[in-house]
Amino acid sequence: MSAPTTAAEPQAGTTAAAPRGRRTGGGLRGAALALTAWLAGILFVLPVLWMALTSFHSEADAATNPPSLTASLTLDSYREFFGVDGGASPWPALANSATASVASTLLTLLLALPAAYALSIRPVRKWTDVLFFFLSTKMLPLVAGLLPIYLFAKNTGLLDNIWALVVLYTAMNLPIAVWMMQSFLSEVPVAIVEAAQIDGARLPTVLGRVVAPIALPGIAATALICFIFSWNELLFARVLTGVVAETAPVFLTGFITSQGLFLAKVCAASLVISLPVLAAGFAAQDKLVQGLSLGAVK
């Protein structure tokens, strides 16, 4: 004869309720984490908002200390940046940055995809050593390679040439692109690749129609990071370019003159030059989150 069920024992088919204190503690912990995340986000975006507000002030109001929040707003800094009053036009520099960034990103992806395929889906011998070699190339300080690259560009007639920057940015971004895409492609089921090969698909078809669609979030995340690195690069663009191949970051440094720092104009230029990166990140934010989290959970 079974023992009678007491009030403290849960009935069959029911779930014991969690203690009220534990649920309250979990809720408080979640609220604290959410508040911390909001505070961190505000701290990160506050300088950008302040830069945007300063760009709409006059130079006299932007130079006041402490700065005034109630100063009158004007578009003079943007008119000067776009050369409305007869100044230098930023459009050639923006076009050069777009050309160098987009072309180098596409070339990096074309080279990184088969390399990552060979290191993940069809791994070569000692593939971990190969990955470490790729990553070790990023440990060299950029200044250490500045003089040899400058002399090479000078002797080959590639100074002030935008395609020299395309090749250089591709070489700079390729190691990190291979490293990232190797982790993304390692999540592609090998059985799908083998089934495509049994059906007669060659390597270009496997990469383009089987591997690439599955790893599309990771490819998008890699492309966005390579684009940002290329767009923001200043050191080599400053040394290797002059007038014809001047990029947007180099154009921005032209606002710092011996006459002083024109703060409102610099803020306007910085905001305009940052817009393509912000737009690309906003457009690809879903793919970026999926790509960065791909392979994180086994």
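Note: the structure precedes this text.
All right, on to the nonpolar core then. Core analysis: the largest hydrophobic core is formed by 27 residues, its most contacted members being Tyr117, Met181, Leu185, Val193, Val206 and Val211. For this core, the elements supplying multiple residues, two or more each, are helix 4 (91-120), helix 7 (162-185), helix 8 (190-198), helix 9 (203-214) and helix 10 (216-232). Per element, the largest residue contribution to this core is 7 residues, and it comes from helix 7.

The next thing to look at is the side chain of serine 230. Mapping serine 230 onto the fold places it in helix 10. Among the polar contacts made by the side chain of serine 230, one reaches the side chain of serine 104 at a distance of 3.2 Å. Leave out the neighbours within four places in its chain, and serine 230 touches Ser101, Ser104, Tyr169 and Asn173.

So, about the environment of threonine 99. Mapped onto the secondary structure, threonine 99 falls in helix 4. In sequence terms threonine 99 and isoleucine 162 are 63 residues apart; their C-alpha atoms lie 7.9 Å from each other.

In this section: the side chain of histidine 57. With respect to the helices, strands and loops of the structure, histidine 57 is situated in the loop between helix 1 (20-55) and helix 2 (59-62). In this structure histidine 57 comes out as buried when scored by relative accessible area, which is 4%.

Parameters and conventions
- Chains are numbered independently. Their residues run from 1 in the order of the written sequence.
- Local features in this predicted model are restricted to residues of pLDDT 70 or higher, and side-chain atom pairs are both shown and tallied only at a pLDDT of 80 or more, whereas totals for entire chains, interfaces and linings draw on every residue.
- Water and hydrogen atoms were dropped before computing side-chain values, which therefore reflect all heavy atoms in the structure.
- In plain words, nonpolar cores are sets of buried Ala, Val, Leu, Ile, Met, Phe, Trp, Tyr and Cys residues tied together by side-chain atoms within 4.5 Å.
- Exposure is judged per residue with a 1.4 Å probe applied to protein chains only, and the accessible area is read against the type maximum: over 50% gives exposed, under 20% gives buried, and values in between give partly exposed.
- Elements are defined by DSSP. Helices are runs of H or I of four residues or more, strands are runs of E of two residues or more, and each kind is numbered from the N terminus.
- In the analysis that follows, any N or O atom pair within 3.5 Å is treated as a polar contact, provided that within protein one partner can donate a hydrogen and the other can accept it, and provided that, for residues neighboring in sequence, both atoms belong to side chains.
- Any two residues whose heavy atoms approach within 4.5 Å at even a single point are treated as in contact.

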